[in-house]
Amino acid sequence: MDMASRNVHVFGRSAMNLMPFHRTPGCFVTLAVITAFFSAHAASDKVAPAIPIRAQTFAPKQVVLLEGPCKRAMQRDEKWLLSLEPDRLLSRYRQEAGLTPKARNYGGWEEQGISGHSLGHYLSACAWMYQGTGDQRFLDRLNYIVDELAGCQRANTNGFLGAMPNSKRLFAEIARGDIRSAGFDLNGSWVPWYNLHKLLAGLIDAYRYGDNPRALEVATRFGDWVDETTKSLTEAQWQRMLACEFGGMNESLADLYALTGNKKYLNLALKFYHQAILDPLAAGRDELPGKHANTQIPKLIGAARLYELTGDSRHGNAARNFYSIVLSNHTYVTGGNSQGEHFGPARKLDNRLGASTAETCNTYNMLKLSRALFTFEPRAALGDYYERALFNHILASQHPGDGRVTYFLTLKPGEAKKFLGPEDFTCCNGSGMENHARYGEAIYFHAPDQLWVNQFIASELNWTEQGLRLRQETAFPYDAATKLTITVAKPLKLALHIRQPFWATNGFAVMLNGKEADDAGKMEGYVTIEREWKTGDTVDVEMPFCLRTEAMPDNPNRIAIFDGPILLAGNVGAVGSENPVPVFVADGRAVTDWVKPVAGKPLSYRTEGVGRPVDVELKPFFATYDQRHSVYWEVFTEDGWKVREQEYRAEQQRLKELEANSADLFHIGEMQAERDHNVHGEKTGAGEYNGRKLRHAWDGGWFSFEVAVATNAPSDLVITYWGSETGQRTFDVLVEGEKLATTSLHQDQPEQFWDKVYPLPETLTRGKQKVTVKFQAHPGNFAGGVFGVRVVKRQ
C-alpha cells in the first residue's frame, strides 16, 4: 500500500503546515489539561513540584539499548571510561586538601586553573553507565571516588571540595566581599563556580543513580560550605560574582533542596540568578549576540528546575524563551550553536562557518534543557530537536574507531573533525564522557496512563511500576521503520503517543497488530493509540525518508542536504589536501534530480552533473571522519555561477598581486610563526575565532613582534581585525617604540574580518630589514584581537 495514502490520524502538523527548523520565537503555549502531578526527579525527591508535571523521564536502568549506532557509541564510551584512572582525576583534590596525591593528574585543563572539573563529569558518566549496563566496575569506581572525596572533605575541615590552585585564598576573598571578575576569571581563578558545579552535579548523580548515600552527605556538607562562604554577600556583590561563568550551580543547589527538603539550598539556588542575562530572557528579548554561549545554557537549565520547584513564572519564561530564541536565531543544521564559543547576530549564520563552530558542551546542555521543558509541556517539536542534535551532533562528535570526542564540531567547508587526544582534557572531554552514556534518557516519557515514544532508537523499556515492557526493534536511521512489542503483567489501559517527525512528509504509517490503526487519536505532532494493551500486541511504524534541503536563514543559496533526519556530509579531500570545496550548479532543480543513491549503501548518495569542479559523495555526518568535509553547500544557476566564477578569479588575481607586493605575512597566533617573529608580551594569549587564529592582550597588557619591511620602498602595516568586536578595546600601536596610532574597536564592520592600514613612517624603516611592532592595551582594556599581520609596499 502507498504509505502516503494510509489513513492515520496525526494532528497539529501536516506536510503542508510543518514549521521550518528556524522557527519564530514564541512557539511555546500555555500549559493545558493536567494529567499528572509528579516530578521528573521523583524517585528520590522529598519536595513535590510546585507546577503540573505532564511527562516524566524513566530511570536510566529502565531503558536498555539494543544493537545499533547508539549502542555502539555507548560501548566505545564504556571502554574509554574504564581506561581512565580515578586516582589521576582525584590528584589535585588531594593536593588542595593537603593530602599526598596517589597519582599524577591528567593533562590539558586538568593541569591548569580549571583542574578538577572532569571528575564531576566522570562521576555522572559512571553512574549512568552502571544503570545502563549493570557493570559492577562502574559502581566500584563511583564508590571509591566518593570515599576519596569524603576524605578530602574531612582534611579541608569546612566542607569545601575543590582542585583549583589557590582555592582557599580565592574563597576567603569572596567570603569577605572582595570580588573581581573579567568574565572568565574570578579573583584570578578560572571559572571556579563552573568547576564546582560539575563536582556537585556528579555527587548528586552518584547518589541518585549509584545508590550511594555517602555522596549525598558529601554534597550537603559542600552545600553548607557554599552557604557559609556567600552568606555575607550583598546583592551587588552577588551580581558582580555572577559575571564570571558559574555553570549550573542554580540547578544543582535546587536538586540538593529537592533531595533534602532543606530550604537553605533553595535560597542559595535563587541567589545564583544572573540578572543581566535572565531578566531580558524572561521578558522575551534576544540579547544573546556577543555572549559566550555555554556560559548561559546551564543558567536556563537551572531556571527550568527552579520553575518546577517554585512555580515562579519568571524562571519558566526565561527557560522557554531562551530555548526558542536559540533554536530560531542561533542554531545550525546539526542542532549545535555558536562560533568560537559565542552567539552572533540573530539569524546571521552564513558568515559564521569557522573551524570552531558548534561547541559540543553547548549541545549537551541544550539536550538537558529540551528534556526539562518536555516534562512541563510534551511537544513533538522538542523531540524533533532532540533527534536532530542527538544524531547530527552528539553521535557525530565521537570517533567511530577509538571513541575520542570533539571540542568543536567544525562546519567550515573543507575542514576536518578534530578529535581530542587521550590527555587533552577540556570541558567537552568532560561532557563527552556523559554524552554517550545517556542515549536512553529521552527515548521514552510517561505519565500514569500515558507513554510517549519520542526517539526511534533500538531499546527495551521496563516500566516496572505498570508491569509493562516495551521492546523497540529498529535499524534506524539505516532503516526508516520501527517495531514496538508489548509485554504486560496484566491487561493495561494506556495511551501510547508515537512522535511523527516534522521531516516525515513522504508518509507515516502506523499498524496495530498488522492492521492500520484507524482508531488513532489526537495529540499535537503524535499518533496516539489508546486501548487496553495485552502481551504480544505490536505496533509497526513506517516513515520513509526523503531527500530534502535546509537553507541558511540569511542565505537561501547556501544549503544543507538531509535524508529524513540525517544530515549528509560530502567528502572534499584527504586531511591536508587543498582541493577546493565544490559548489552545485543546479539551476533551481529539486534535490532529488541531482542527488542519487549509491546502490547497496543505505544513506549514501552522490551528486550527478552539478558539482563544480567535481561531483561529491555524500554520507551521514555522524559517519564522516578522518577526511575534509562539507555539510553546507553553495548552489547557483548557470548564469549565477558564471558571475561568481569571474569574481572568484578576480579575487585570486588580487591575492596574487598582494602576495607579490608583500614584504612579510605573519600568521599570528600560530606557534612556529610566532617564534619566527619573536613574539613577547604580558597578559596576552593566542586563540581562535571564526576559523582564524588570533592574539590579544587584556587589562593593560601588551604583545610585540618583529616584521620584515621593504628596504627600497615605503611600507604599510596591514592589521586584520574582526568587525563585530564589543567591550573595552582601546589600545596603542607602536613601532620601534614610537606610538603610531591609538585604535578603538567596536562593531566596525559587523560579521566580517576587515583590514586597517597603518602607514609606516620612512624614518622608522629606512635602512632596516625588520622593525618591532607593539600592541599596548589601555588600562582595563583589550588590545586586539589581531587576526592577521602583513607588511606591503605602499602603492
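Residues numbered from 1 in each chain as written. Predicted model: local features only at pLDDT ≥ 70, side-chain atom pairs only at ≥ 80, totals over all residues. Heavy atoms only, no water.

A. Spotlight on the overall build of the protein. Of regular secondary structure, the protein possesses 21 helices and 35 strands. Relative to a compact globule of 795 residues, whose C-alpha radius of gyration would be 28 Å, the protein shows 28 Å and is just as compact. Taken along its principal axes, the extent of the C-alpha atoms in the protein is 95 × 70 × 45 Å. Of all 795 residues assigned to the protein, the portion counted as buried reaches 59%. Long-range pairs, those at least 24 residues apart, make up 72% of the contacts in the protein with a sequence separation of at least 6. Of the roughly 30200 Å² of accessible surface on the protein, a fraction of 49% belongs to carbon and sulfur atoms. Here the protein contributes 88 positively and 93 negatively charged side chains, and the mean placements of these two sets differ by 2 Å. (Helix = DSSP H or I, 4+ residues; strand = E, 2+ residues; numbered from the N terminus. Rg over C-alpha atoms; globule rule 2.2 N^0.38 Å. Buried < 20%, exposed > 50% of the residue type's maximum accessible area, 1.4 Å probe, protein only. Contact = heavy atoms within 4.5 Å. Areas by Shrake-Rupley, 256 points an atom, 1.4 Å probe, with all protein chains shown as cover. Lys, Arg positive; Asp, Glu negative; His and termini not counted. Charge placed at Lys NZ, Arg CZ, Asp CG, Glu CD.)

B. Representation of the side chain of Asp205 within the structure. Secondary-structure assignment places Asp205 in helix 7 (residues 192–210). Buried charge Asp205 goes without a salt bridge, the closest partner of opposite sign being Arg438 at 4.7 Å. Leave out the neighbours within four places in its chain, and Asp205 touches Ser124, Ala127, Trp128 and Gly210. (Salt bridge = Lys/Arg side-chain N within 4 Å of Asp/Glu carboxyl O.)

C. Representation of helix 4 (residues 117–133) within the structure. Taking 1.5 Å of rise per residue, 17 residues should cover 24 Å, and helix 4 covers 25 Å from first to last C-alpha, within 8% of that figure. With 15 of 17 residues buried, helix 4 is to be regarded as a mostly interior element. Of the residues one or two after helix 4, Gly134 is the one with positive phi, at around 75 degrees. (Expected span 1.5 Å × (residues − 1).)

D. Highlighting helix 17 (residues 427–435). For helix 17, the tally of buried residues reaches 9 of 9 residues, placing the bulk of the element in the interior. For helix 17, the set of buried residues is Cys427, Cys428, Asn429, Gly430, Ser431, Gly432, Met433, Glu434 and Asn435. Of the surrounding elements, those touching the buried residues of helix 17 are helix 1 (69–83), helix 4, helix 7, helix 15 (360–376) and helix 16 (380–394). A distance of 3.3 Å separates the backbone nitrogen of Cys428 from a side-chain oxygen at the start of helix 17, and that oxygen is part of Thr426. (Polar contact = N/O pair within 3.5 Å; in protein donor to acceptor, adjacent residues only side chain to side chain.)

E. Structural view of the sheet that holds strand 32 (residues 753–759). If you walk across this open sheet you meet the 4 strands as 26-35-29-32, and the pairing is antiparallel. Each edge of the sheet is formed by a strand with only one pairing partner; in this case those strands are strand 26 (662–666) and strand 32. In this sheet, adjacent strand axes meet at a mean angle of 20 degrees when their direction is disregarded. (Pairing = 2+ DSSP bridges. Axes fitted to C-alpha atoms, helices over the stretch in contact; angles between N-to-C directions.)

F. Representation of unusual backbone geometry in the model. Cis geometry marks the peptide bond from Phe476 to Pro477, where omega comes out at 5 degrees. Mapped onto the fold, Pro477 is located in the loop between strand 8 (468–473) and strand 9 (481–488). Positive phi outside glycine occurs at Leu603, with the angle close to 65 degrees. Mapped onto the elements, Leu603 comes out in the loop between strand 20 (595–597) and strand 21 (605–607).

G. Seen up close, the packing of aromatic side chains. Under the definition given, this model contains 38 aromatic pairs. Note on Phe246 and Phe272: the rings are 5.6 Å apart at their centroids and 50 degrees apart in plane angle, and the pair reads as tilted. Of this pair, Phe246 sits in the loop between helix 9 (235–242) and helix 10 (249–260) while Phe272 sits in the loop between helix 11 (263–271) and helix 12 (275–282), placing them 26 residues apart in sequence. Here Phe246 matches Phe272 in class, with each residue buried. Taking 6.5 Å as the distance between ring centres and 70 degrees as the angle between the ring planes, the aromatic pair formed by Phe322 and Phe343 counts as edge-to-face. Taken together, the residues Phe322 in helix 14 (residues 313–329) and Phe343 in the loop between helix 14 and helix 15 connect sequence positions 21 residues apart. The same class applies to Phe322 as to Phe343, namely buried. Taken together, the ring pairs in this structure connect Phe160, Phe171, Trp193, Phe222, Trp225, Trp238, Phe246 and Phe272 into an aromatic cluster. Here the basic side chain of Arg88 rests over the ring of Tyr106, its NZ or CZ set 4.0 Å away from the ring centre. (Phe/Tyr/Trp six-rings, centres within 6.5 Å; stacked < 30°, edge-to-face > 60°. Lys NZ or Arg CZ within 6 Å of the ring centre and 35° of its normal.)

H. The arrangement of the sheet that holds strand 11 (residues 509–512) in detail. Spatially, 2-7-8-9-15-11-12 is the arrangement adopted by the 7 strands of the open sheet, whose pairing is antiparallel. Each having just a single partner strand, strand 2 (63–65) and strand 12 (515–516) make up the two edges of the open sheet. As paired strands, strand 8 and strand 9 are joined by 6 bridges and run antiparallel to one another. Within the sheet, the bridge partner assigned to Gln472 lies in strand 9 and is Leu484.

I. Just the packing of helix 4 against helix 17, in detail. In the contact formed by helix 4 and helix 17, the axes pass within 8 Å of each other and the chain directions differ by 10 degrees. One way to sum up the angle between helix 4 and helix 17 is to call them roughly parallel. Contacts between helix 4 and helix 17 involve His117, Ser118, His121, Tyr122, Ser124 and Ala125 from the first element and Cys427, Gly430, Ser431, Met433 and Glu434 from the second. Partitioning the contact of helix 4 with helix 17 into residue classes produces 4 nonpolar, 6 polar and 1 charged. (Parallel < 35°, antiparallel > 145°, perpendicular 65-115°, else oblique. Nonpolar A, V, L, I, M, F, W, Y, C, P; charged D, E, K, R; others polar.)

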